[in-house]
Every structure is written in structure tokens, then in C-alpha cells.
Amino acid sequence: MDVGMDVRNEEAVSRFVERFAAQLTDAGMQRMAARVFAQLLASDSGAMTSAELSEALQISPAAVSGAVSYLTQVNMVSREREPGSRRDRYVLHNELWYETFTRRDQVLTLFEKTLRDGAAGLGTDTPAGARVAETAAFFEFLQGEMLGMMDRWRAHRAKLDLP
């Protein structure tokens, strides 16, 4: 065995997967989807077949299928044909967190527009209109901060020399 090679501690991997999945579930993600996502994140390749996910998580193929359907729908994973096989494998998207925040930014843009339209309809001189206008201003501020944060992340990531 190579001295420089790390050996995967499967028990530690399993603890990580379940802990992170629980946090994702607490944040609102479906439980099985959270487990499948965390397992894919913890895999060296970032890709696994349904059978591999089923075995690693001790869940049924149907549970894997439902979780993958959800994760595909929210653009967190994609389905690819395994080379030389008729089996699908499920793959984490590259720059996953960047994509997630970018999609969140698109949602914030939509919220902000709707809130601005709502404030105008309510009248910004009314208590409700002022409250809605302030919420729109908050989303506008949040968007600007997120864009700057993502720029700073890309610069920081380059300094870290990550793959």
C-alpha cells in the first residue's frame, strides 16, 4: 500500500453522509434525496449507479429512483448512461454550489420583481406597501451581496488551487 494514499474509513463516510443528510433534511430537502445527495457527494467519482446507491444507503431501488427524480428536477444531479452498459449512473453537477446559488439568485430576482409590483399596487405610502417595498429592497441587497460573494469565492478558490 502506498504510504501517501488515504484509506477510506467507510464507517466515517457513513456517519458523514447521515449527518449531512440530516442537516439537509432539517433545511427542507426530502429525506431520501438528502441521503442520496450526501452519498454522491462523499463518493470519490461524484457518480454512482442505482445499485451502488441502494447498497451504500441500504435502501430500495425504488427509494433511490424517487430521490434521484427529485434531485434531477432541482438540477442537483444528472442521469448519464454508464459507458459500455445499459445502466444509468447519477452524477453531481460540476460547480454544484455555484449553480445552486445562481439558481437562488434567479429566484431572488423573481421575488424582487413581484414584491416591487406588489408595493406599487399597494401604494408605498401605506403600511403594507412600505413593508413590501422594504422586503423588495432586502432581496435587491441580498442579490448584490451574493454576486459579490460568488466573485470573491472564485478568486479564493483559485488561490486554494483546488481541482
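Scroll up to find the structure this text is about.
Residues numbered from 1 in each chain as written. Predicted model: local features only at pLDDT ≥ 70, side-chain atom pairs only at ≥ 80, totals over all residues. Heavy atoms only, no water.

Enquirer: Could you clarify how one ought to interpret the packing of aromatic side chains in this entry?
Expert: The geometry of an aromatic ring pair is captured by two quantities: the separation of the ring centres and the angle between the planes. Inspection of the entire model under this criterion finds three aromatic pairs. Ring geometry for phenylalanine 16 and phenylalanine 20: centres 5.8 Å apart, planes at 10°, overall stacked. Taken together, the residues phenylalanine 16 and phenylalanine 20, both in helix H1 (residues 10–26) and four residues apart, mark about one turn of the helix. Where phenylalanine 111 meets phenylalanine 139, the ring centres are 5.6 Å apart and the plane angle is 65°; that geometry is what we call edge-to-face. Of the two residues, phenylalanine 111 sits in helix H5 (residues 96–122) while phenylalanine 139 sits in helix H6 (residues 127–160), which places them 28 residues apart along the sequence. For phenylalanine 139, a relative accessible area of 15% gives the class buried. In this structure an aromatic cluster arises from ring pairing among Phe111, Phe138 and Phe139. (Phe/Tyr/Trp six-rings, centres within 6.5 Å; stacked < 30°, edge-to-face > 60°. Helix = DSSP H or I, 4+ residues; strand = E, 2+ residues; numbered from the N terminus. Buried < 20%, exposed > 50% of the residue type's maximum accessible area, 1.4 Å probe, protein only.)

Enquirer: Teacher, can you tell me more about the packing of helix H2 (residues 31–42) against helix H4 (residues 61–73) here?
Expert: In helix packing, the relevant descriptors are the interaxial angle and the interaxial distance, both defined with respect to the helix axes. Here H2 crosses H4 at 85°, and the two axes come no closer than 8 Å. Here H4 runs roughly perpendicular to H2, going by the angle between their axes. Contacts from Met32, Ala33, Val36 and Phe37 of H2 reach H4 at Ala63, Ala67, Val68, Tyr70 and Leu71. Here the residues of the contact of H2 with H4 sort into nine nonpolar, no polar and no charged. (Axes fitted to C-alpha atoms, helices over the stretch in contact; angles between N-to-C directions. Parallel < 35°, antiparallel > 145°, perpendicular 65-115°, else oblique. Contact = heavy atoms within 4.5 Å. Nonpolar A, V, L, I, M, F, W, Y, C, P; charged D, E, K, R; others polar.)

Enquirer: Before we go on, may I ask you to explain the nonpolar core in this structure?
Expert: What tends to happen in soluble globular proteins is that the nonpolar side chains get buried as a cluster. Residues Met29, Val36, Phe37, Leu40, Leu53 and Leu71 are the most contacted members of the largest nonpolar core, which totals 25 residues. The element best represented in this core is H2, accounting for seven residues. Setting aside its immediate chain neighbours within four residues, leucine 40 contacts Gly46, Ala47, Met48, Leu53, Val77, Tyr90 and Leu92. Ranked by size, the runner-up nonpolar core spans seven residues in total, among them Leu108, Leu115, Ala136 and Phe139. (Core = buried A, V, L, I, M, F, W, Y, C linked by side-chain atoms within 4.5 Å.)

Enquirer: Looking at this structure, I do not really get the sheet that holds strand E3 (residues 88–92). What am I missing?
Expert: The strands making up a sheet associate through backbone hydrogen bonding, with each pair oriented either parallel or antiparallel. Within the open sheet, the three strands sit side by side as E1-E3-E2. Their pairing is antiparallel. Each edge of the open sheet carries a strand with a single partner, namely strand E1 (47–49) and strand E2 (77–81). Averaged over all adjacent pairs, the angle separating strand axes in this sheet is 30°, with direction ignored. With five bridges connecting them, E2 and E3 associate as antiparallel partners. Each residue of the ladder has a partner; that of arginine 81, found in E3, is aspartate 88. Each of E1 and E3 is contacted by helix H3 (residues 50–57), which is oriented at about 90° to E1, the strand it contacts most. (Pairing = 2+ DSSP bridges.)

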